[in-house]
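Residue-level listing of the chains:
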Amino acid sequence: KTSKVSIFTSLFFSKLSSFLGRDMCGAKSNLCSSKTLTEVEFMRQKSEDGASATCLLEFAACDDLSSFKREIEENPSVEIDESGFWYCRRVGSKKMGFEERTPLMVAAMYGSMEVLNYIIATGRSDVNRVCSDEKVTALHCAVSGCSVSIVEIIKILLDASASPNCVDANGNKP
């Protein structure tokens, strides 16, 4: 039995999807989106490089190393340490929203070992980089992500000189 709420939700996301017309990597899409209209307007103003950065975040989350490498090789203007907006839970909160994250942060959060090791091996990413008004690092993201491989991810980050003493905007260490 379909409820009025689920019908309304489906209709809303259908309209929003047609408003967007494209998925995060630039392909035509009929998928639903959870973005609010103000976030949609903001995201539409992002440059093409912003779309490529978002694709890197997607590949980092999925631990898709071959696609991650291909995106970097085919788009020389994309920096491996470039931040983009990622829909996630704010660190230390239950609130969801678009937060500024780097591919290293997303890989750490999702336990994507291959992409994480690759990013660190390139030497083109700062493991102690702070992003957004939350002032979080990849180590904060790893701890808050609680992936199955959290212990290995934290060890890799610490071996790459991630500081366990970095404090976020709430005064919390990882």
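What comes next concerns the included structure. Once a new chain begins, its residue numbering starts again from 1 and follows that chain's sequence as written. Reporting in this predicted model follows two pLDDT cut-offs: at least 70 for local features of residues, and 80 or more for side-chain atom pairs to be given and counted; totals over whole chains, interfaces and linings ignore these cut-offs and use all residues. Side-chain metrics rest on all non-hydrogen atoms present in the structure, leaving aside hydrogens and water.

1. Some details on the overall build of the protein
Numbering of helices and strands runs from the N terminus, with a helix taken as a DSSP run of H or I at least four residues long and a strand as a DSSP run of E at least two residues long. From N to C terminus, the protein includes eight helices and two strands. The secondary structure elements of the protein, listed N-terminal to C-terminal, are α-α-α-α-β-β-α-α-α-α. Going through the 174 residues of the protein one by one, you find that 40% of them count as buried. Put simply, the protein shows about 9800 Å² of open surface, and 54% of that area lies on carbon and sulfur atoms. When a residue's accessible area, from a 1.4 Å probe over protein chains only, is under 20% of the maximum for its type it is buried; when over 50% it is exposed; and in between it is partly exposed. Using a 1.4 Å probe, the Shrake-Rupley method yields the accessible areas, and only the shown protein chains count as cover for residues.

2. Looking at the pattern of salt bridges
By convention in these notes, a salt bridge is any Lys or Arg side-chain nitrogen within 4 Å of a carboxyl oxygen on Asp or Glu. Taken as a whole, this structure holds six salt bridges when the rule is applied. Put simply, Glu99 and Arg90 hold a salt bridge, and the shortest N to O gap is 3.1 Å. For the salt bridge of Arg101 with Glu134, the shortest nitrogen-to-oxygen distance reads 2.7 Å. On the criterion of sequence distance, the pair formed by Arg101 in strand β2 (residues 96-101) and Glu134 in the loop between α6 (113-122) and α7 (138-145) is long-range, its members being 33 residues apart. One exposure class covers both Arg101 and Glu134, and it is buried. Several salt bridges share partner residues, and in doing so they unite Arg90, Glu99, Arg101, Asp133 and Glu134 into one network.

3. Considerations on the pairing of β2
In this description, strands pair whenever DSSP reports at least two bridges between them. Sheet topology places strand β1 (residues 84-89) next to β2; six bridges connect them, and they run antiparallel. Residue pairing in the sheet places Tyr87 in a bridge with Phe98 of β2. Two successive antiparallel strands, β1 and β2, enclose a turn made up of six residues, where Gly92 displays a positive phi of approximately 80°.

4. Let's talk about the nonpolar core
Core analysis: the biggest nonpolar cluster contains 34 residues, and Phe68, Leu104, Ala108, Val115, Leu116 and Leu157 have the highest contact counts within it. Secondary structure elements with two or more residues in this core: α3 (48-61), α4 (65-74), β1, α5 (103-110), α6, α7 and α8 (150-159). Contact definition: two residues touch when any of their heavy atoms are within 4.5 Å. Here Ala108 is in contact with Leu116, Ala138, Ala142, Ile153 and Leu157, once residues within four sequence places are set aside. For the purposes of this section, nonpolar cores are sets of buried Ala, Val, Leu, Ile, Met, Phe, Trp, Tyr and Cys residues that join through side-chain atoms within 4.5 Å.

5. Description of the side chain of Glu134
Residue classification places Glu134 among the buried positions, given a relative accessible area of 5%. When residues no more than four places from it in sequence are discounted, the contact partners of Glu134 are Arg90, Val91, Glu99, Arg101, Asp168 and Ala169.

6. Considerations on the environment of Met96
Position of Met96 relative to the elements: it lies in strand β2. Classification of Met96 by relative accessible area gives partly exposed; the value is 43%. Once residues within four sequence positions are removed from consideration, Met96 is found in contact with Tyr87, Cys88 and Arg89.

7. Here's the deal with α7
All of the buried residues along α7 are Ala138, Leu139, His140, Cys141 and Ala142. In this structure, the buried side of α7 is in contact with β2, α5 and α8. Downstream of α7 by a residue or two, Cys146 has a phi angle that is positive, lying close to 50°.

8. Details of unusual backbone geometry
If you check the backbone angles, Ser132 has positive phi at about 60° while not being a glycine. In this structure, Ser132 sits in the loop between α6 and α7. Here Lys135, not a glycine, exhibits a phi torsion of approximately 60°, which is positive. As for its placement among the helices and strands, Lys135 is situated in the loop between α6 and α7. What makes Lys135 partly exposed here is its relative accessible area of 43%.

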